[in-house]
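Remarks on the overall topology
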Amino acid sequence: MESNYSVLKIFVSNTDKIGLELLYENIVQEAHKNGISGVTAYRGITGYGLSSNKIVTSKFWEITDKLPVVIEMVDKTEVLNAFYAEIEEKLKSTGKGCLVYQQPIEIKLHQSGKK
Amino acid sequence: MESNYSVLKIFVSNTDKIGLELLYENIVQEAHKNGISGVTAYRGITGYGLSSNKIVTSKFWEITDKLPVVIEMVDKTEVLNAFYAEIEEKLKSTGKGCLVYQQPIEIKLHQSGKK
Amino acid sequence: MESNYSVLKIFVSNTDKIGLELLYENIVQEAHKNGISGVTAYRGITGYGLSSNKIVTSKFWEITDKLPVVIEMVDKTEVLNAFYAEIEEKLKSTGKGCLVYQQPIEIKLHQSGKK
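In this text, all values refer to a predicted model and were calculated from it rather than measured experimentally.

1. A word on the relation of the copies chain A and chain B
Mapping chain A onto chain B leaves a residual RMSD of 0.0 Å; the transformation is a rotation of 120° accompanied by 0.0 Å of translation along its axis. Taken together, the turn and the small shift mark the pair as related by a three-fold rotation axis. Among all C-alpha atoms of chain A, that of tyrosine 42 of chain A lies closest to the rotation axis, at 4.7 Å. Mapped onto chain B, only 14% of the interface residues of chain A are again interface residues, and the two copies thus contact each other with different surfaces.

2. A few points about the relation of the copies chain A and chain C
Superposing chain A onto chain C requires a rotation of 120° together with a translation of 0.0 Å along the rotation axis, leaving an RMSD of 0.0 Å. Of all interface residues in chain A, a mere 15% are interface residues in chain C too; the two copies therefore contact each other through different surfaces.

3. A short note on the side chain of aspartate 16 of chain A
Residue and element names in this part refer to chain A. On the secondary structure map, aspartate 16 appears in the loop between strand S1 (2-13) and strand S2 (17-18). We note that aspartate 16 is buried and unpaired, the nearest opposite charge coming from lysine 96 at a distance of 4.3 Å. Engagement of the side chain of aspartate 16 in a polar contact is seen with the backbone nitrogen of serine 13, the distance being 3.0 Å.

4. Here we look at the pattern of salt bridges
Applying the stated criterion across every chain, the model contains nine salt bridges over all chains. A salt bridge links lysine 9 of chain B to glutamate 72 of chain C; the shortest N-O distance between them is 3.5 Å. Linking lysine 9 of chain B in strand S1 (residues 2-13) with glutamate 72 of chain C in strand S7 (residues 68-76), this pair reaches from one chain into another. A residue is classified by how much of its surface remains accessible, and lysine 9 of chain B, at 7% relative accessible area, is buried. Residue glutamate 72 of chain C is classed as buried on the basis of its relative accessible area, which comes to 2%. Glutamate 88 of chain B serves as the salt-bridge partner of lysine 92 of chain B, at 3.5 Å between the closest nitrogen and oxygen.

5. Digging into the interface of chain A and chain C
Each side of the interface is counted separately: chain A has 33 residues, and chain C has 36 residues. Approximately 2,800 Å² of surface area, both sides summed, lies buried where chain A meets chain C, with 57% of it carried by carbon and sulfur atoms. Summed over the three residues of chain A that lose the most area to chain C, namely Lys108, Leu109 and Gln111 of chain A, the buried surface amounts to 26% of that side. Between the two partners, chain A and chain C, sit one salt bridge.

6. What about the side chain of asparagine 14 of chain C?
Among the secondary structure elements, asparagine 14 of chain C is positioned in the loop between strand S1 (2-13) and strand S2 (17-18). From its side chain, asparagine 14 of chain C meets the backbone nitrogen of leucine 67 of chain C in a polar contact 2.6 Å long.

7. Some thoughts on empty space enclosed by the protein
A full pass over the atoms with the stated rule returns eight cavities of 30 Å³ or more. What the largest cavity holds in volume is close to 100 Å³. In this structure, the largest cavity is lined by Lys9, Tyr42 and Glu72 of chain A, Lys9, Tyr42, Val70 and Glu72 of chain B together with Lys9, Tyr42, Val70 and Glu72 of chain C. Counted by class, the lining of the largest cavity contains five nonpolar, no polar and six charged residues.

8. A few points about helix H2 (residues 77-93) of chain B
Three or four residues apart is the spacing at which side chains of an α-helix point the same way, because the helix has 3.6 residues per turn. Residues and elements named next belong to chain B. Helix length check: H2, at 17 residues, gives a terminal C-alpha distance of 24 Å against a target of 24 Å (1.5 Å per residue), a fit within 8%. Isoleucine 87 marks the point of greatest bend in H2, at about 40°. Once H2 finishes, glycine 95 follows within two positions and takes phi at roughly 75°, a positive value.

The rules behind these values
- Residues numbered from 1 in each chain as written.
- Chains lettered and ligands numbered in written order.
- Predicted model: local features only at pLDDT ≥ 70, side-chain atom pairs only at ≥ 80, totals over all residues.
- Heavy atoms only, no water.
- Least-squares fit on C-alpha atoms with pLDDT ≥ 70 in both.
- Contact = heavy atoms within 4.5 Å.
- Helix = DSSP H or I, 4+ residues; strand = E, 2+ residues; numbered from the N terminus.
- Buried < 20%, exposed > 50% of the residue type's maximum accessible area, 1.4 Å probe, protein only.
- Lys, Arg positive; Asp, Glu negative; His and termini not counted.
- Salt bridge = Lys/Arg side-chain N within 4 Å of Asp/Glu carboxyl O.
- Polar contact = N/O pair within 3.5 Å; in protein donor to acceptor, adjacent residues only side chain to side chain.
- Buried area = accessible area lost by both parts, 1.4 Å probe.
- 1 Å grid on protein atoms, 1.4 Å probe; cavity = no way out; pocket = protein on both sides within 12 Å on 5 of 7 lines; lining within 4 Å.
- Points joined across faces, edges and corners; volume = space filled by probe spheres on them.
- Nonpolar A, V, L, I, M, F, W, Y, C, P; charged D, E, K, R; others polar.
- Expected span 1.5 Å × (residues − 1).
- Bend = angle between axes of the 7 residues up to and from the residue.

Next up, the structure:
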């Protein structure tokens with residue numbers, strides 16, 4: 001059992017870009033380069049408050065819709081704090097709406113895959 | 001850094017209705033009308049315990065399946081408490097299974113999109 | 001209002017197997033057999049750190065991709081602890097990467113569906 005771990009959640013939109021890259025893919029790559037332990041991104045089916053104050057909705061075939069994407073990162077709290085400090089200016093510079101929050105967690109298992 | 005923020009998570013099914021409307025879409029619209037700061041809904045790929053005590057599962061093409069939907073709302077704790085008090089009777093009146101929980105969070109960034 | 005409830009989150013991959021069965025489906029079925037109150041599984045669109053240290057990504061049509069799956073279980077903390085103790089050896093025996101964490105929650109509503 002380990003302590004002092006947290007989850008950091010970053011809410012953006014699936015259409016937000018930074019340069020030519022998708023913002024959420026850029027953030028996942030940055031996390032990977034910085035050695036953040038585990039990262040998962042999910043696409044929502046509806047929501048608002050991110051880049052858009054209108055409700056966006058996904059019907060199955062409308063795959064080009066603007067939809068919420070949340071990126072969830074797990075690591076030691078101080079590692080996440082340092083990573084967030086590094087990307088904060090980038091998130092602010094996009095001019096896009098963005099919500100970021102953090103919560104403490106209790107790790108029960110953290111196992112690497114064997115080759 | 002702000003404090004006293006929470007996340008409120010509401011678990012329903014993607015087929016639950018209130019009148020002619022989908023329950024989860026109705027809840028997202030109510031949250032929007034009540035000025036809740038940020039809302040994202042996700043569809044699960046399998047689960048149980050919501051409206052159904054049987055395990056429901058999504059294979060890719062079975063898009064009419066009954067599946068779990070979770071609605072995640074972020075705002076000040078007292079704002080979420082007031083909003084939940086307003087929709088509690090509606091959730092109870094559906095006769096559908098429903099799980100609602102709340103957790104405190106630490107907001108790192110809450111940025112509105114520029115027009 | 002009830003207390004002493006938690007959420008247990010298990011991160012695996014959608015392709016991890018235990019015998020001939022998908023690992024995440026096996027875990028959901030075990031949870032169901034053990035009477036865990038509510039379970040929802042989600043598929044991510046990208047991520048790393050689970051079974052794979054490379055970033056995996058979903059484009060819409062590439063449905064056979066290896067992707068992150070997170071299983072979220074809600075019940076009393078001691079019930080989740082007992083269930084986790086029961087499946088821990090199985091998760092370790094797969095040789096696959098796996099992250100498990102737990103957080104306390106405050107239940108606002110826990111309503112069974114009427115037949």
